[in-house]
Amino acid sequence: MHFVAPFFALFTVLAGIPLVIHLVGRTRAQVRRFPALAFLLAGHRKVARRTRLRQILLLILRAAVMAAVPLCLAKPFFEAVSDLPAQLRGAQSSVILIDDSLAMSYKLGGETLLSRAKARSARLIDALDRDADAALVLGSRGSIAPVGELTSDRARLLRALAAVHPTYRAVDLPVALRRAAQILSSSRGLRRIYLLTDLSAHALDAGAVAPADVEVVPIDVSDGKPLPNRAIVDVRVDPAPSLGKNGVRVTAEVANFDDLPVKDLAVTLRVDGKAVARGLLDLAGRGRAVKRFYHVLGHAVGHAEGRERQVNGNGSGGPSSDLPRPERRQQKAATSAEGGEPAPAGTHDVSMELSRDELSPDDVRTLRVEMQRTLRVLIVDGDPRGLRREDEVFYLEMALRPGDREDSQMDTATTTVEELPHRSLSEYDAVFLCNVKAQDLARLHLVPVLRDYVIQGGGIFLSMGDNVDPDSYNSTLSDLLPQPLSGARTAGQVQRPGEDPYQSEQRDREVTLLGSGERLGRLDRRHPLLLPFSGGHAIESLHEARFGRYMLLRPTLKTTGAGVGTSDDPARPVSVLLSYDTGAPALIEKTLGAGRVLLFTSTLDRDWNDLPIQPAFLPLLQQAARYLSRAPMREADPAALVGQRHEIKLHDGDGRVEVTLPSGQKRLFEGDRVKGRRRLGFTDTDEPGLYRVAAANQSVEGGGLRPRPAEFFAVNVDPGESDLRRAATTRIQALSRPLSSSSFGDGSPQAKRRVELWHAIGALLILLLLGEALLLREK
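Quick caveat, the model's predicted, so the values are computed rather than measured.

About the cut-offs
Residues numbered from 1 in each chain as written. Predicted model: local features only at pLDDT ≥ 70, side-chain atom pairs only at ≥ 80, totals over all residues. Heavy atoms only, no water. Helix = DSSP H or I, 4+ residues; strand = E, 2+ residues; numbered from the N terminus. Buried < 20%, exposed > 50% of the residue type's maximum accessible area, 1.4 Å probe, protein only. Contact = heavy atoms within 4.5 Å. Areas by Shrake-Rupley, 256 points an atom, 1.4 Å probe, with all protein chains shown as cover. Pairing = 2+ DSSP bridges. Axes fitted to C-alpha atoms, helices over the stretch in contact; angles between N-to-C directions. Salt bridge = Lys/Arg side-chain N within 4 Å of Asp/Glu carboxyl O. Polar contact = N/O pair within 3.5 Å; in protein donor to acceptor, adjacent residues only side chain to side chain. 1 Å grid on protein atoms, 1.4 Å probe; cavity = no way out; pocket = protein on both sides within 12 Å on 5 of 7 lines; lining within 4 Å. Points joined across faces, edges and corners; volume = space filled by probe spheres on them. Nonpolar A, V, L, I, M, F, W, Y, C, P; charged D, E, K, R; others polar. Phe/Tyr/Trp six-rings, centres within 6.5 Å; stacked < 30°, edge-to-face > 60°. Lys NZ or Arg CZ within 6 Å of the ring centre and 35° of its normal. Parallel < 35°, antiparallel > 145°, perpendicular 65-115°, else oblique. Patch = residues over 30% accessible without salt bridge, like charges linked within 9 Å, V, L, I, M, F, W, Y side chains within 5 Å. Core = buried A, V, L, I, M, F, W, Y, C linked by side-chain atoms within 4.5 Å. Expected span 1.5 Å × (residues − 1).

Engineer: Help me understand the overall build of the protein chain in this model?
Structural biologist: Across its full length, the protein chain holds 16 helices and 39 strands. Counting across all 779 residues of the protein chain, residues that qualify as buried make up 49%. Restricting the contact set of the protein chain to residue pairs at least 6 apart, pairs at least 24 apart contribute 71%. When the accessible surface of the protein chain is summed, it comes to about 37,700 Å², and 52% of that surface belongs to carbon and sulfur atoms.

Engineer: What is the right way to look at the sheet that holds strand β22 (residues 459–463) in this model?
Structural biologist: Backbone hydrogen bonds hold the strands of a sheet together, and the pairing may be parallel or antiparallel. The strand order β20-β19-β21-β22-β30-β29-β28-β24 describes an open sheet built from 8 strands, whose pairing is mixed. Both edges of this open sheet fall to β20 (410–416) and β24 (520–523), since each of them pairs with a single strand only. Shown here is a sheet whose adjacent strand axes are inclined to one another by a mean of 20°, direction ignored. Looking at chain direction, strand β21 (residues 430–434) and β22 are connected through 5 bridges and run parallel. Its bridge partner being in β22, L433 is matched across the sheet by L462.

Engineer: What's the story with the pattern of salt bridges in this structure? I'm lost.
Structural biologist: According to the stated counting rule, one finds 29 salt bridges in the structure shown. Between E397 and R388 there is a salt bridge, and its shortest N-O distance comes to 3.2 Å. Given the relative accessible area of 17%, E397 is considered buried. Owing to a relative accessible area of 46%, R388 belongs among the partly exposed residues under this scheme. As a salt-bridge pair, D440 and R443 come within 3.3 Å of each other at their nearest N and O atoms. Here D440 pairs with R443, and both are found in helix α10 (residues 438–443), just 3 residues apart, close to one helical turn. Assessed through its relative accessible area of 44%, R443 is described here as partly exposed. In the salt-bridge network here, residues are joined through shared partners; they are D259, R286, D723 and R725.

Engineer: In this structure, what is going on with the side chain of D220? I would like to understand it.
Structural biologist: Along the chain, D220 turns up in strand β9 (residues 215–220). For D220, the side chain forms a polar contact with the side chain of R726, separated by 2.3 Å.

Engineer: I would appreciate a short explanation of empty space enclosed by the protein in the present structure.
Structural biologist: Gaps between atoms show up when a probe of the same size as a water molecule is rolled over them. Throughout the structure, instances matching the rule amount to 1 cavity of 30 Å³ or more. When its volume is computed, the largest cavity comes out at roughly 50 Å³. By residue class, the composition of the lining of the largest cavity is 8 nonpolar, no polar and no charged.

Engineer: Explain the sheet that holds strand β3 (residues 93–98) here, please?
Structural biologist: Pairing is mixed in the open sheet, where 5 strands are placed in the order β7-β6-β3-β8-β9. Among the strands making up the open sheet, the edge pair consists of β7 (147–151) and β9. Adjacent strand axes in the sheet meet at a mean angle of 20°, parallel and antiparallel pairs treated alike. Of the pairings in the sheet, the one linking β3 to strand β8 (residues 191–197) comprises 6 bridges and is parallel in character. In the strand pairing of β8, L97 is matched with L195. The strands touched by helix α5 (residues 154–162) within the sheet are β3, β6 (133–138) and β7, with β7 carrying the most contacts at an inclination of about 155°.

Engineer: When you look at the packing of aromatic side chains in this model, what are you seeing that I'm missing?
Structural biologist: Where two aromatic rings form a pair, the distance of their centres and the angle of their planes describe that pair. The full count for this structure, using the stated rule, is 10 aromatic pairs. A ring pair is formed by F547 and F600, whose centres lie 6.3 Å apart and whose planes are at 65°; its orientation type is edge-to-face. Taken together, the positions of F547 in the loop between α13 (537–544) and β25 (549–553) and F600 in strand β30 (residues 595–600) put the pair 53 residues apart, joining distant regions of the chain. Of the two residues examined, F547 and F600, each falls in the buried class. Ring pairs connect the aromatic residues F432, F461, F547, Y550, Y580 and F600, which therefore count as one cluster. The ring of Y627 is capped by R596, whose NZ or CZ atom sits 4.0 Å from the centre of that ring.

Engineer: What is the right way to look at the packing of helix α4 (residues 113–127) against α5 in this model?
Structural biologist: What describes two packed helices is the angle between their axes and the distance between those same axes. It is at 10 Å that the axes of α4 and α5 come closest, and there the two elements cross at 175°. Considering the angle they form, α4 stands roughly antiparallel to α5. Counting all contacts with α4, which are made through K118, S121, A122, I125 and D126, the residues of α5 involved are R154, L157, L158, L161 and A162. When the residues that make up the contact of α4 with α5 are grouped by side-chain class, the tally is 6 nonpolar, 1 polar and 3 charged.

Engineer: Before we go on, may I ask you to explain a nonpolar patch on the surface in this structure?
Structural biologist: Together, V13, L14, I17, I21 and M66 make up an exposed nonpolar region whose accessible area comes to about 430 Å². Tracing the sequence through the fold places I21 in helix α2 (residues 17–24).

Engineer: Looking at this model, I keep getting lost on the nonpolar core. Mind explaining?
Structural biologist: One broad trend across soluble globular proteins is that nonpolar side chains are buried collectively. Residues I98, L136, V657, V659 and F682 are the most contacted members of the largest nonpolar core, which totals 49 residues. The leading source of residues in this core is α4, at 5 residues. Ignoring anything within four residues of it in the chain, the contact list for V659 reads I648, Q665, K666, R667, F669, F682, Y691, R692 and V693. Counting residues in hydrophobic clusters, the runner-up holds 44 residues, among them L375, F394, F547 and L587.

Engineer: What is the right way to look at helix α14 (residues 617–629) in this model?
Structural biologist: In an α-helix, one turn spans 3.6 residues; hence positions three or four apart end up facing the same way. Here α14 contains 13 residues, and its C-alpha end-to-end distance of 18 Å stays within 8% of the 18 Å for a straight helix at 1.5 Å per residue. Burial in α14 covers these residues: F617, L620, L621, Q623, A624, A625, R626, Y627, L628 and S629. With its phi angle positive at about 55°, R630 sits one or two positions after the end of α14.

Engineer: What's the story with unusual backbone geometry in this structure? I'm lost.
Structural biologist: Residues apart from glycine generally show negative phi values, whereas peptide bonds are mostly found in trans. Of note, the phi angle at L199 is positive, near 55°, even though the residue is not glycine. Tracing the chain through its elements places L199 in the loop between β8 and α7 (201–204). Positive phi is not limited to glycine here, since H445 has a value of about 55°. For H445, the position within the fold is in the loop between α10 and α11 (447–455).

Engineer: So what exactly am I meant to see when it comes to the pairing of strand β29 (residues 585–592) here?
Structural biologist: Along any regular strand the residues' side chains alternate between the sheet's two faces. Burial within β29 is extensive, with 7 of its 8 residues counted as buried. Between strand β28 (residues 574–580) and β29, which pair antiparallel in sequence order, lie 4 residues; one of them, G583, sits at a positive phi of approximately 95°. As judged from the 6 bridges shared by β29 and β30, these two strands associate in the antiparallel manner. The residue bridging E589 from the neighbouring strand is L598, located in β30.

In short, shape yes, function no, at least from these values alone.
Right, here's the structure in full:
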């Protein structure tokens, strides 16, 4: 035991004064026997014993009071092992760095690690000397420092500490340590960073290094205890053709971050918030396993691979059937909250869940899945041949329906120009006009039909060939052409054997170039149609194609780039998607009404180029068909991670956009943040789950906020936060290298904390005085 003022402890000897007074004041009377009073002695002895006991108690209480008073003045204390770092005393500048990442939401003994960190931080702030300055910094990615400058205002620090709440973000200690060092750079003397974290390997191994001339004091809020955890680290959704066109296989990768194995772990598949299948999974210690579920989107029941328990079914997975295909014209006419965009064919929220453990946020993972509907494509063959391989549309048919697979998402039908009047275009999502003569379209009165088809939301793909006469096209299909045609250009040897390009009808329009042909040059990688060609082998195979001949376009009043024409009619915008090396357009787009027109300036067979035998031909034509049909262009984007920016697509006329967070809170954007913009950068992605988007479009009747399902998106936690394995001792010691005579971190002597006793002695003194008063009260 120690004393703050040991001099006052000497006065505890005064506790003997009541005893001395009692002994000195005690007199011995002479005993004289009086027979008349003998009968009273028997009753008096019982009362005397009670009186003697009360006097002894009074003596003890008074002696204790006399001892307690000087003890209170001496302020005794003793030292015990502390959970705070050693040597907190003294003048210093400190930054309290609290790890508020997802891992700190782990519950240890019913209390989160962040709560333990806050409690220790509060005691640390109280333990600092009055002359010590401190700041408060958080360790999660993208966090803002609650107190970003040094201050001696303890009340401000404690208020900021109380406002710290757990987050779902990943930890970023390197950035947090640099921020803390920057705060301390303006201070003099001893500078320390008190790092309160779980000391997990994923946090320290990410490049956390002690700044120069700054001591880092790691404080393990888990007290070295193991933190077992299980988590879903990945979810994938793939087509399951055996179940039909809407069948999917949902695969979850589950990790066990514990040395002990796990038996019969429950895994649940949810679609649109409803549990459709459940299964059990065994995990080895520090191992991973995969759980697969099969489900038909649109049905209420799925089934799991392996042992499972079904919900609302017997595990058959439902019938292998397709969703009903909507009528094309009804779908084109039905505008949703997307400002005139057709409603999506089907979007679903798919999530996998584990039975909850001490770190529950990583037990759920969600994906947004777009269900691709079957597209009907009409191919008009402008140059039919008896030998199928030499037919104009042979390669196109193979690209749109490769191998004639039953699970293909496209139904193709091929016809000739003469049979086209007998077809109802409203039944098709897209129409390909391949090397068709404009005279035949005019003769059969098909031009107005094609124009109305596009205005009402249809899509037309025009490809060139020997049957295309530029003057006829310009006069007959002027409303559909993105730009007027000029003439064919020969850039090298054409592919049709035996053909002399100088004998063509277009001879006076040709420009003969020596060489092996031209390649594709610039492409608009931001365009949805060309997203698969943003890099890798896909774009390489696209550039490998050789073009021996292609159609030139006439320039217009407005030009952009290397002589590439654009429409001067703002109501009919034109954009160039692909260009040749010379800058001449290869693929050009025009919007007309609610529909789209794509013009390819070469052929879709091998007459003018060798693109059909390149690997890029199939994805290019399938993307074109989907783009014209306004169908999903590709698989849904993977879910974003907490804290990442998400781009929300805006449409012309959008005036307000509202985003509903998973917690139900809403974020409203309007004015300059929305009007005239194509995308809205949304950064408030601090919660895992599904984010719902609604928009108000001026072109939609009513102009109120309407849901925009195609823009819903999912956000998940970073799987790296789930592994709570403690960092190696050498790694902790490297971070906590001491710069002063005091040592910190692992390997240092145990820190001590002072346990004050005088508060308890003062309370005891009050109780003693109260007891004395009770004993002295009159009977």
